[in-house]
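Spelled out, the chains give:
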Amino acid sequence: GDVKLNPITGQALEGTRPLRRLELHAARNEVCAFQIAIGFARPFAGASIGLSDLRGPGGATIPRSAARWFLQWPVRIGQRWYPDYAVPVSGPICAPWPRGRVPNQRFLLLWCDLYVPKNIPPGLYMGQVVFRCGAVQLALPVRLHVHRFTMPDQTSFEVNLNCYGPVYSDADYE
């Protein structure tokens, strides 16, 4: 499930605990998402984050280009900060983020959307997330279990994100 981390303390906000490796499950033709928290004692700039190619059965590969990274920018609700906005990472990473400050921030929250291609064989794919900043490099092992079924290209159901009525076509308003 989704783990919401406090950007100041790094503590999980809802009773879950962070892990030391990523263990993911996905269908083929699905986007699998995960969150990374980077702790820092002092500001930094010029960092990068990336996912290696994920290697699987028979040499099959999910390429690193299948990953899209986002900075999770928090909003304050009462006395707590919650990660809310997903801002695409399009260059070097710095912390704290210069566009907005969280007082006493000590953790940078990053989100990754990983597309699992529909034509790959099911099985275990392994790689790593790598964070680099100057001479420092941190690696987090990734294990992605790709299941035998494939998600369809088009949904056959209504996606409902707090929408309390049916989806209407433009023809309904002509």
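Heads up: the structure comes first, above all this text.
So, a few notes on the structure that sits alongside this text. These numbers come from a predicted model, not from an experiment. (Residues numbered from 1 in each chain as written. Predicted model: local features only at pLDDT ≥ 70, side-chain atom pairs only at ≥ 80, totals over all residues. Heavy atoms only, no water.)

**Some thoughts on the side chain of Arg28**
Point 1. Position of Arg28 relative to the elements: it lies in strand S1 (residues 22–28).
Point 2. Buried and without a salt bridge, Arg28 has Glu30 as its closest oppositely charged side chain, separated by 9.8 Å.
Point 3. Here Arg28 is in contact with Val116, Pro117, Lys118, Ile120, Pro122, Val146, His147, Arg148, Phe149, Thr150 and Met151, once residues within four sequence places are set aside. (Helix = DSSP H or I, 4+ residues; strand = E, 2+ residues; numbered from the N terminus. Buried < 20%, exposed > 50% of the residue type's maximum accessible area, 1.4 Å probe, protein only. Lys, Arg positive; Asp, Glu negative; His and termini not counted. Salt bridge = Lys/Arg side-chain N within 4 Å of Asp/Glu carboxyl O. Contact = heavy atoms within 4.5 Å.)

**Digging into the sheet that holds strand S2 (residues 30–39)**
Point 1. Overall, antiparallel pairing links the four strands, which are arranged S2-S9-S6-S7 in an open sheet. Two strands in the sheet have a free side with no partner beyond their single neighbour: S2 and strand S7 (80–88). In this sheet, adjacent strand axes meet at a mean angle of 30 degrees when their direction is disregarded. (Pairing = 2+ DSSP bridges. Axes fitted to C-alpha atoms, helices over the stretch in contact; angles between N-to-C directions.)

**A few points about the pattern of salt bridges**
Point 1. Tallied over the full model, the rule gives five salt bridges.
Point 2. Linking Arg143 and Glu23 is a salt bridge whose minimum nitrogen-to-oxygen distance equals 3.1 Å. Of this pair, Arg143 sits in strand S11 (residues 136–150) while Glu23 sits in strand S1, and the two are 120 residues apart along the sequence.
Point 3. Glu23 sits in the partly exposed class, given a relative accessible area of 30%.

**Thoughts on the nonpolar core**
Point 1. Core analysis: the largest hydrophobic core is formed by 40 residues, its most contacted members being Ile36, Phe44, Ile62, Trp69, Val129 and Leu144.
Point 2. Top element by residues in this core is strand S9 (residues 107–116). It accounts for five residues.
Point 3. Aside from chain neighbours lying at most four places away, what touches Leu144 is Leu24, His25, Ala26, Cys32, Leu54, Ile62, Leu114, Val116, Gly123, Leu124 and Tyr125. (Core = buried A, V, L, I, M, F, W, Y, C linked by side-chain atoms within 4.5 Å.)

**Description of the environment of Lys118**
Point 1. Among the structural elements, Lys118 can be located in the loop between S9 and strand S10 (123–133).
Point 2. Within the structure, Lys118 has its side chain in polar contact with the side chain of Asp153 (distance 2.7 Å). (Polar contact = N/O pair within 3.5 Å; in protein donor to acceptor, adjacent residues only side chain to side chain.)

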